[in-house]
Amino acid sequence: QVQLVESGGGLVQPGGSLRLSCAASESIFSINVMGWYRQAPGKQRELVATITSGGSTNAADSVKGRFTISKDNAKNTVYLQMNSLKPEDTAVYYCRAFIVPARVYWGQGTQVTVSS
């Protein structure tokens, strides 16, 4: 059982930045894919960005060039650096871990609100 704890959410003005952190209860080196997802009110949860155990990254078109996913294996932590935030980025952001063949774990989520 992998436990994931997100932090770093909050209220920020449009154009501002936030860095989210996701701390895992075990070595993320053994986790095949870690990712950030978000869910806005009334909408389905959607992929934001992922990073593999080898360091390959992927991001949704809506955040490319603004958000960056990274990880620190020594700290068992994955980060999401969010720049140039927009009101439409407002959502609960969730951390997800995937271990082959089919083990999936989610964090409890952290609220990000972009508003003036």
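Anyway, here's the lowdown on the structure attached to this text. (Residues numbered from 1 in each chain as written. Predicted model: local features only at pLDDT ≥ 70, side-chain atom pairs only at ≥ 80, totals over all residues. Heavy atoms only, no water.)

Turning to the nonpolar core, a few remarks are in order. Of all hydrophobic cores here, the largest spans 32 residues; its most connected members are Leu 4, Met 34, Trp 36, Leu 80, Met 82 and Tyr 93. Contributing elements (two or more residues each) for this core: β3 (18-24), β4 (33-39), β5 (46-52), β7 (67-72), β8 (77-82), β9 (91-99) and β11 (110-114). Take this core: its biggest share by element is 5 residues, from β9. Non-local contacts of Leu 80, meaning those with residues more than four positions away in its chain, are made with Leu 18, Arg 19, Leu 20, Trp 36, Val 48, Ala 49, Phe 67, Thr 68, Ile 69 and Tyr 93. (Core = buried A, V, L, I, M, F, W, Y, C linked by side-chain atoms within 4.5 Å. Buried < 20%, exposed > 50% of the residue type's maximum accessible area, 1.4 Å probe, protein only. Helix = DSSP H or I, 4+ residues; strand = E, 2+ residues; numbered from the N terminus. Contact = heavy atoms within 4.5 Å.)

Here we come to the pattern of salt bridges. Taken as a whole and assessed by the stated rule, the structure comprises 4 salt bridges. Of the charged contacts in the structure, one is a salt bridge between Asp 89 and Arg 38, with a shortest N-O distance of 2.9 Å. One end of the pair, Asp 89, is in the loop between β8 and β9; the other, Arg 38, is in strand β4, and 51 residues separate them in sequence. The residues Asp 89 and Arg 38 share a single accessibility class, namely buried. Overlapping salt bridges bring together Arg 38, Glu 46, Arg 66 and Asp 89 as one network. (Salt bridge = Lys/Arg side-chain N within 4 Å of Asp/Glu carboxyl O.)

Time to look at the sheet that holds β7. With antiparallel pairing, 4 strands are arranged side by side in an open sheet as β1-β3-β8-β7. Strands at the two margins of the open sheet, each flanked by one partner only, are β1 (4-7) and β7. Here the average twist between neighbouring strands, direction ignored, is 15°. As paired strands, β1 and β3 are joined by 4 bridges and run antiparallel to one another. Each residue of the ladder has a partner; that of Val 5, found in β3, is Ala 23. (Pairing = 2+ DSSP bridges. Axes fitted to C-alpha atoms, helices over the stretch in contact; angles between N-to-C directions.)

Each regular strand displays side chains that alternate between the two surfaces of the sheet. In terms of burial, β9 is largely enclosed, as 7 of its 9 residues are buried. Sheet topology note: the β4/β9 ladder contains 7 bridges and is antiparallel. Across the sheet, Tyr 37 pairs through a bridge with Tyr 94, a residue of β9. Bridge count for β9 against β11 is 3 bridges, and the pairing is antiparallel. Across the sheet, the residue bridging to Val 92 is Gln 111, located in β11. With 4 bridges connecting them, β9 and strand β10 (residues 103-106) associate as antiparallel partners. Opposite Ala 97, over in β10, you have Tyr 105 as the bridge partner. Turn length for the β9-β10 hairpin, with the two strands adjacent in sequence and antiparallel, is 3 residues.

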